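Listed here are the chains, written in short residue letters.
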Amino acid sequence: MDPLIIARLQFASTTIFHYFFVPVSIGLAFTIAVMQTMYVVKKKDVYRKMTKFWSVLFLINFAVGIVTGILQEFQFGMNWSTYSRFVGDVFGPSLAIEGLLAFFLESTFIAVWVFGWDRLPKKVHLASIWLVSIGTTISAFWILSANSFMQNPVGFEMAGERAQMNDFVAILTNPHLWSQFPHVLMTSIATGAFLVAGISAWKLIRKHDVEMFKRSFRISIIIGASTAFMMLFTGHWQAQYLVESQPMKMAAAEALWETSEDPAPFTVFANINTEEKMNEYELQIPYLLSFLSYNKFSGSLEGLNQLQAEYEAEYGPGNYIPPVKTLFWAFRIMTGVGSLLLLAALYGGYVSRKNKLPKNNLYMKAMPWVIALPFIGNTAGWIMTEMGRQPWVVFGMMKTEDAVSPSVTAGEMLFSFISFTTIYAILAILTIYLFARHIKKPVFLEETPHKTNDPFETEAGGADHVTG
Amino acid sequence: MSLAEFWFILITILFIGFFVLEGFDFGVGMVSRFLGKDDREKRVYINTIGPFWDANEVWLITAGGAMFAAFPHWYATMFSGFYIPLVFMLLALIIRGVSFEFRSKEESYKWRNTWDWALTIGSFLPPILWGVVLANFMTGMPINENKEMVGGFLQFLHPFALLGGVMLLFLFLVHGLQFISIRTTGDLNDRAKALSKKVAPIALVLFLAFIITGYFVSDVFTYHGQTFVVLPIMGFVALLWGLSSKSSVGERGRFALTTVSIILLTASIFIGMFPRVMISSISDAYSLTVYNAASGAYTLKLMSYFSIALLPFVLGYQAWSYYIFRKRLKKEDELEY
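Throughout what follows, the structure given in this document is the object of discussion. Remember, it's a predicted structure, so these values are computed and weren't measured experimentally.

As for the overall build of chain B
Then, number 1: A count of helices and strands for chain B gives 11 helices and two strands.
Then, number 2: Its helices and strands taken in sequence order, chain B reads α-α-α-α-α-α-α-α-α-α-β-β-α from the N to the C terminus.
Then, number 3: Across its three principal axes, chain B shows a C-alpha extent of roughly 60 × 40 × 40 Å.
Then, number 4: Within chain B, counting contacts between residues at least 6 apart in sequence, those at least 24 apart form 79% of the total.
Then, number 5: Summed over its atoms, the accessible surface of chain B is roughly 11,300 Å², and 70% of this surface lies on carbon and sulfur atoms.
Then, number 6: A gap of 7 Å separates the mean positions of the 26 positive and 23 negative side-chain charges of chain B.

Here is the structure:
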């Protein structure tokens, strides 16, 4: 077997699996921080209990997110050493700064938060969950600055065989980063918010702790509705940017083989034939693609075949067309899911404002299923982003096939791939099991607030033990 | 001092931080299941490192990121070269990391026992693998003219490397036991001390054997002159002082001394490697050095600003978290994990 294929499969499985947990961490950290703020401000115990209830899920999720993240960082050197040598100078700093600025912050303050309940002054304790939330956001920013370099390389010069950074500001202001980061942040917060809303709906149908879950639902649906709205807006913005910067990716996402007429119609559905490089059947809405791409009812988009010819002229012979079917459907799944989410959130916001919530059974029964939608959308989004860049690992600079580690054998990679996917499967089952277990319990007992442990009192006992 | 040299020092510091900090939480993870007589006691042991293990592990992640940024060739050669050991280390860190969170989520003995094993294995394996890696850093590895490590993974497992693995395991074990002694009281405390007394001679013999063998099979202890032998010897003396039943330095003093011992050992290896970062056993000319493995001046300068600006904060709040959770744990305390 070709090491390249295994290395790519491993990257895909690690990234997709890791990214089930990342948005939940970002979203729940924020949602929980909001809940705890309400506790500290309003001083009502229901908010404290709520914060604790959701923190159980948050911490399970966070643990899996951390451990899969270590591999995410190390696999560049393990499977993609040629890539690492080539771009380490420009790509590495983002990861290093992410560690210094975000990982230390998150890991320290999540512990302060978990172990600091009732031991720290309330406001200090509240600050620690906000620092965790800020840490997750900073982390997203830096890792996306690295990804944006792969999509749209800026701020570097070639020094022999290697890319060297020469403009850090360009990397920070990479337009790809600023089209991607807001979208990722909004979708992540929405993912966490819909998780809370869906579970709250499930609990409300069963009349568990109605007061607490009504409020949970309300908080999360407000967060969900506003982020879902911004998610569509930022996604649209990003797609428009991609039409300019990565026309091949967008042409593939639209299955647009030949340069479109002007104005360009939007293809809702197509039967794609990648052999013949054409669509056998397509259902189109006139004007719409022009409007989506340029905010006006005119303008054409370049087709895959034309772009292929241009790229061959620029980069030499080769296939520069990414997997069209995958991109076409990934894009439709992502946007479809996003639209459904907005509807679900707007309706939920409306009924919870009217206080009709517990009676509204059909909607409430649907909401637990809605939890799955952001995960599907997130995965589709990353598949489109990463596969749409193929055959490049760094757009226009290095092909994926040239990036793999030359010293690692196919057997070693296969061993690693099988080991990690097995452990991912186990972790996935355990996470779902532990989530379900926590959610199904009809009564959530926050452990009784224990006797106040004053961390500043002098140590008792042990220090006086005779040593030796 | 050039920027590349500065970055070598920083990465050395990150590795020292990782070995010192995660070292003791590995040590605690190794013994919690055996020293704790019932579930409650096991939990107390695990909770001694509860608020710390995660941030300790970030030292490794940041070291990896810093190598990637400052010495891409070092990162690429090392991570692709030590492929199989790293797979095992990552698997160990994965099961270990989730074991903290998962263990107390379910009452059944079977469940908890499973996660106790995950923690135990996850704490035993990484020290052994890092010991193997350090020993290979010292003896050199078959790195060819393309900066690629060749020859598969069995070659890493030479006798000196295995000695390194076992040595680091015991070093972290006694380090962890000292940590338990400053975080617990009563029985739990006594048991850690008793075990420490028992394994201390083994740790000392292994440490001594490692530095003596290292002196003969590798040039790192004397690369910059014979006087540098003082570093590993002082590391041994610190360990001896920390573990000897006759010393009267107290619990914290012992922990400080095992810490010093780890610092000196790690520093002596990294200093002796310098200016090489990966020694080639094929030809000196193929060795990776801080000069031929480094990023460009622009990146190094940028990263220097970031690290100088951020590290004081990181050290500050991490130290603060150790301060607020310094109180000794008792069996009747509320436990999170």
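Continuing now.
Remarks on the side chain of A:Asn279
Residues and elements named next belong to chain A.
Then, number 1: Relative to the assigned elements, Asn279 resides in strand 4 (residues 278–285).
Then, number 2: For Asn279, the side chain forms a polar contact with the main-chain oxygen of Ala255, separated by 2.9 Å.
Then, number 3: Setting aside its immediate chain neighbours within four residues, Asn279 contacts Ala255, Trp257, Ala270, Asn271, Ile272 and Asn273.

Points about the interface of chain A and chain B
Then, number 1: Contact residues are listed per partner, giving 87 residues for chain A and 86 residues for chain B.
Then, number 2: Roughly 7,500 Å² is buried in total at the junction of chain A and chain B, and carbon and sulfur atoms are behind 71% of that figure.
Then, number 3: Per-residue buried area on chain A facing chain B is highest for A:Arg85, A:Phe104 and A:Phe115; these three make up 11% of the total on that side.
Then, number 4: Connecting chain A to chain B are two salt bridges.
Then, number 5: Residue A:Arg437 pairs with B:Glu106 through a salt bridge whose shortest N-O separation is 3.1 Å.
Then, number 6: Remark: the boundary between chain A and chain B carries 18 residue pairs in polar contact (both at pLDDT 80 or more).
Then, number 7: The set of elements that each furnish at least two residues to the side of chain A that touches chain B consists of helix 2 (45–79), helix 3 (81–116), helix 4 (122–151), strand 2 (162–165) and helix 14 (410–440) of chain A.
Then, number 8: In terms of residue count, helix 3 of chain A provides more of the side of chain A that touches chain B than any other element does, 26 residues in total.

Comments concerning a positive patch on the surface
All names here are of chain A.
Then, number 1: A contiguous patch of positive charge on the surface is contributed by Arg218, Arg353, Lys354 and Lys356.
Then, number 2: Among the secondary structure elements, Arg218 is positioned in helix 7 (residues 210–245).
Then, number 3: Exposure remark for Arg218: the relative accessible area of 36% places this residue in the partly exposed category.

Some words on unusual backbone geometry
Then, number 1: With an omega dihedral of 0°, the bond running from A:Asp262 to A:Pro263 counts as a cis peptide bond.
Then, number 2: Structurally, A:Pro263 is set in the loop between helix 8 (247–253) and strand 3 (266–273).
Then, number 3: For the bond running from B:Phe274 to B:Pro275, omega is 5°, close enough to zero to count as cis.
Then, number 4: In this structure, A:Asp209 takes a positive phi of about 45° despite not being glycine.
Then, number 5: By the element assignment, A:Asp209 lies in the loop between helix 6 (175–205) and helix 7.
Then, number 6: The exposure class assigned to A:Asp209 is partly exposed, which follows from its relative accessible area of 26%.
Then, number 7: Phi angles above zero are rare outside glycine, and A:Asn295 is one such case at about 60°.
Then, number 8: We classify A:Asn295 as partly exposed; its relative accessible area is 48%.

So, the pattern of salt bridges
Residues and elements named next belong to chain B.
Then, number 1: Under the defined criterion, the tally for this structure stands at 21 salt bridges over all chains.
Then, number 2: The partner of Glu41 in a salt bridge is Arg191, and the shortest N-O contact between them spans 2.6 Å. Of the two residues, Glu41 is situated in helix 2 (residues 39–48) and Arg191 in helix 8 (residues 186–217); the sequence distance between them amounts to 150 residues.
Then, number 3: A relative accessible area of 4% places Glu41 in the buried class.
Then, number 4: Put simply, Arg103 and Asp116 hold a salt bridge, and the shortest N to O gap is 2.6 Å. With Arg103 in the loop between helix 5 (83–102) and helix 6 (109–139) and Asp116 in helix 6, the pair connects residues that are 13 residues apart, well separated along the chain.

With respect to the pairing of strand 4 of chain A
Residues and elements named next belong to chain A.
Then, number 1: Sheet topology places strand 3 next to strand 4; seven bridges connect them, and they run antiparallel. From the neighbouring strand, Asn273 faces strand 4, where its bridge partner is Met278.
Then, number 2: The hairpin formed by strand 3 and strand 4 contains four residues between the paired strands, and Lys277 there has a positive phi angle of roughly 55°.

Here we look at helix 3 (residues 53–70) of chain B
Residues separated by three or four positions in an α-helix point in the same direction, a consequence of the helix having 3.6 residues per turn.
Then, number 1: Over its 18 residues, helix 3 of chain B runs 26 Å from end to end, which matches the ideal 26 Å to within 8%, given 1.5 Å per residue.
Then, number 2: Most of helix 3 of chain B sits inside the fold, with 18 of its 18 residues counted as buried.

A few points about the nonpolar core
Then, number 1: Counting residues in each nonpolar core, the largest one holds 251 residues, and the members touching the most others are A:Phe58, A:Tyr83, B:Phe71, B:Trp74, B:Phe137 and B:Met278.
Then, number 2: Looking at this core, the element that brings in the most residues is helix 2 of chain A, giving 19 residues.
Then, number 3: Once residues lying within four places of it in the same chain are set aside, the contact partners of B:Phe71 are B:Ala4, B:Trp7, B:Phe8, B:Ile11, B:Ala66, B:Val290, B:Ala293, B:Ala294 and B:Ser295.
Then, number 4: In terms of nonpolar packing, the next biggest core, distinct from the first, is built from 32 residues, A:Ala264, A:Ala270, A:Leu304 and A:Ile321 among them.

Some points on the packing of helix 1 (residues 3–42) of chain A against helix 6 of chain A
All names here are of chain A.
Then, number 1: Here helix 1 crosses helix 6 at 70°, and the two axes come no closer than 7 Å. Between helix 1 and helix 6, the interaxial angle falls into the category roughly perpendicular. Residues Tyr19, Pro23, Val24, Ile26, Gly27, Leu28, Phe30, Thr31 and Met35 of helix 1 lie in contact with helix 6, whose contacting residues are Val184, Leu185, Ser188, Ile189, Thr191, Gly192, Ala193, Leu195 and Val196.
Then, number 2: The residue inventory of the contact of helix 1 with helix 6, partitioned by class, reads 13 nonpolar, five polar and no charged.

A short note on the packing of helix 6 of chain A against helix 12 (residues 361–370) of chain A
Residues and elements named next belong to chain A.
Then, number 1: In contact at an axis separation of 7 Å, helix 6 and helix 12 are set at 135° when each is read in the N-to-C sense. Of the possible angle classes, the one that applies to helix 6 and helix 12 is oblique. The chirality of how helix 6 crosses helix 12 is left-handed. Residues Phe194, Ala197, Gly198, Ala201, Trp202, Leu204 and Ile205 of helix 6 form the contact with helix 12, whose participating residues are Asn361, Met364, Lys365, Met367, Pro368 and Val370.
Then, number 2: Partitioning the contact of helix 6 with helix 12 into residue classes produces 10 nonpolar, two polar and one charged.

Rules used in this analysis
- Residues numbered from 1 in each chain as written.
- Chains lettered and ligands numbered in written order.
- Predicted model: local features only at pLDDT ≥ 70, side-chain atom pairs only at ≥ 80, totals over all residues.
- Heavy atoms only, no water.
- Helix = DSSP H or I, 4+ residues; strand = E, 2+ residues; numbered from the N terminus.
- Contact = heavy atoms within 4.5 Å.
- Areas by Shrake-Rupley, 256 points an atom, 1.4 Å probe, with all protein chains shown as cover.
- Lys, Arg positive; Asp, Glu negative; His and termini not counted.
- Charge placed at Lys NZ, Arg CZ, Asp CG, Glu CD.
- Polar contact = N/O pair within 3.5 Å; in protein donor to acceptor, adjacent residues only side chain to side chain.
- Buried area = accessible area lost by both parts, 1.4 Å probe.
- Salt bridge = Lys/Arg side-chain N within 4 Å of Asp/Glu carboxyl O.
- Patch = residues over 30% accessible without salt bridge, like charges linked within 9 Å, V, L, I, M, F, W, Y side chains within 5 Å.
- Buried < 20%, exposed > 50% of the residue type's maximum accessible area, 1.4 Å probe, protein only.
- Pairing = 2+ DSSP bridges.
- Expected span 1.5 Å × (residues − 1).
- Core = buried A, V, L, I, M, F, W, Y, C linked by side-chain atoms within 4.5 Å.
- Axes fitted to C-alpha atoms, helices over the stretch in contact; angles between N-to-C directions.
- Parallel < 35°, antiparallel > 145°, perpendicular 65-115°, else oblique.
- Nonpolar A, V, L, I, M, F, W, Y, C, P; charged D, E, K, R; others polar.
- Left-handed = near helix turned anticlockwise from the far one by under 90°.

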